[in-house]
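# Survey of secondary and tertiary structure
The residues making up each chain are set out below.
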Amino acid sequence: MDTVLAPPGLQLRTRRPRRALACSLAVAATVAVTLAVVLAVAPGSAPADQTVRIERDGAPRISLIGDSTLTGVRWYADYGALTRFDLVFSAESCRRTFEPSCISQEGYRSANVIEAMRSLDGELGQVLVVMSGYNDPGDTIGEAIDGVVAEARRQGVDHVVWLTLRTSDDVVYSDPQQQSSIETFRAYNEQLVDAAADSDGYLQIADWATYSNGASSWFETDGIHLTPSGVDALTSYITATV
C-alpha cells in the first residue's frame, strides 16, 4: 500500500477517460487538514483502488463508500463541507455492493463495497455513508443491504446512512452488463426503506432521490453522475444529513 501525503492547499489533478476534469482541493486557512491518497490493491483489482483520507484532529470520524455516482467528488477533488470531518473516502467507478464489481472505464475492477469496508477495518468511524446500488443486479439487493449493515455492526460503526437511488425521468443509466436500470433503482429504494424500518434506527435513509429531483444541472446526461455543481450539492447534503 502506497500513501501520498499532501499539505493543505495542494492542488491534485487526475485525468480520467472522457472527462476533462480540473481537480482542486481548497482548504480554509483556519482549518488544519491533511489529505492522504492511499492506493490499495484489492484482490482481483488492477491497478489500484484509491482511498482518500482527510485528517482533522478533534473532528468526528465518518466514512463514505460508493460507486461512480460518488466518485465525482474524488475526480473533481472537491470535498466541500465534508472537510469539517475526519474523513475516509472510497468511491470507484463500476463498483457493486455485494457482487464482484464490473470493469470500469478506468480499466480495472474495484473492490465491492463490502470488500472496501473490510479493507478499512477499524477506520470507518462513527458513521458510514453509502452511495451505491446503481450497478447491482436486482436479485442481489437484499444481500447487499444486509451485508453492508452486518459488516458495519461487526466493526462497531454507530450507524449507516444510505442515500436513495435516483429514479426521476432524467435517469437513463444502466450498468455495463445491463443488469440494472431505473426499475432496479426503484426496487432498491423500497428495500432500503423496509430494511431501515427493521433496523431499530441503525440503518438511516437519506432521500437524495427526492432532494435532487428536478436539479438536472447537477447531473450528466445519464441522470446519476455528478457535474461540478452536483458535487457541491452532494457534499453539502451529506454534511447536513450526517
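Residues numbered from 1 in each chain as written. Predicted model: local features only at pLDDT ≥ 70, side-chain atom pairs only at ≥ 80, totals over all residues. Heavy atoms only, no water.

### Focus: the environment of Gln179
With respect to the element layout, Gln179 can be found in the loop between β7 (159–163) and α4 (182–197). You can call Gln179 partly exposed: its relative accessible area is 37%. Between the C-alpha atom of Gln179 and that of Tyr134, which follows or precedes it by 45 residues, the distance is 9.5 Å. The contacts of Gln179, once residues within four sequence positions are left out, are Arg96, Asp136, Pro137, Gly138, Ser174 and Thr184. (Helix = DSSP H or I, 4+ residues; strand = E, 2+ residues; numbered from the N terminus. Buried < 20%, exposed > 50% of the residue type's maximum accessible area, 1.4 Å probe, protein only. Contact = heavy atoms within 4.5 Å.)

### Let's talk about the confidence of the model for the chain
When pLDDT is averaged across the chain, the result is 84; 80% of the residues are at 70 or more. Here residues 1–33 scores under 50 on pLDDT; set against residues more than four positions off or in separate chains, the count is 61 contacts. Here residues 39–46 is modelled with pLDDT under 50, and outside its nearest four sequence neighbours on either side it reaches 19 contacts, counting other chains as well. (pLDDT = per-residue confidence, 0-100.)

### A short note on helix α3 (residues 141–154)
Between its first and last C-alpha, α3 extends 20 Å over 14 residues, near the 20 Å set by a 1.5 Å rise per residue. Looking at α3, one finds that the buried residues are Ile141, Ala144, Ile145, Gly147, Val148, Val149, Glu151 and Ala152. Buried residues in α3 make contact with α2 (113–119), β6 (127–131), β7, α4 and β8 (203–206). Gly156 sits one or two residues past α3 and shows a positive phi near 80 degrees. (Expected span 1.5 Å × (residues − 1).)

### Considering the packing of α3 against α4
For any two helices packed against each other, one specifies the crossing angle of their axes together with the interaxial distance. Put simply, α3 and α4 touch, their axes get as near as 10 Å, and they point 40 degrees apart. As judged from the angle between their axes, α3 and α4 are oblique. As α3 runs across α4, the sense of the crossing is right-handed. For the pair formed by α3 and α4, the contact residues are Ile141, Gly142, Ala144 and Ile145 on the first element and Thr184, Ala187, Tyr188, Gln191, Leu192 and Ala195 on the second. Of the residues assigned to the contact of α3 with α4, the class counts are 7 nonpolar, 3 polar and no charged. (Axes fitted to C-alpha atoms, helices over the stretch in contact; angles between N-to-C directions. Parallel < 35°, antiparallel > 145°, perpendicular 65-115°, else oblique. Left-handed = near helix turned anticlockwise from the far one by under 90°. Nonpolar A, V, L, I, M, F, W, Y, C, P; charged D, E, K, R; others polar.)

### Here's the deal with unusual backbone geometry
Phi angles above zero are rare outside glycine, and Ala77 is one such case at about 50 degrees. Inspection of the secondary structure puts Ala77 in the loop between α1 (68–75) and β5 (86–91). With a relative accessible area of 4%, Ala77 lands in the buried category. Positive phi, normally seen in glycine, also occurs at Cys94, with a value near 70 degrees. Within the secondary structure, Cys94 sits in the loop between β5 and α2. Residue classification places Cys94 among the buried positions, given a relative accessible area of 4%.

### A look at the state of the cysteines
This structure, assessed with the given rule, holds 1 disulfide. Shown here is the disulfide that connects Cys94 with Cys102, its sulfur atoms set 1.9 Å apart. Between Cys94 and Cys102 the disulfide shows an S-S torsion of about -105 degrees. By sign, it is left-handed. An identical accessibility class is assigned to Cys94 and Cys102; each is buried. (Disulfide = S-S within 2.5 Å.)

### With respect to the side chain of Thr71
For Thr71, the location among the structural elements is in helix α1. Thr71 sits in the buried class, given a relative accessible area of 0%. Here the side chain of Thr71 touches Glu92 through a polar contact of 3.2 Å, landing on its backbone nitrogen. Ignoring anything within four residues of it in the chain, the contact list for Thr71 reads Ala91, Glu92 and Ser93. (Polar contact = N/O pair within 3.5 Å; in protein donor to acceptor, adjacent residues only side chain to side chain.)

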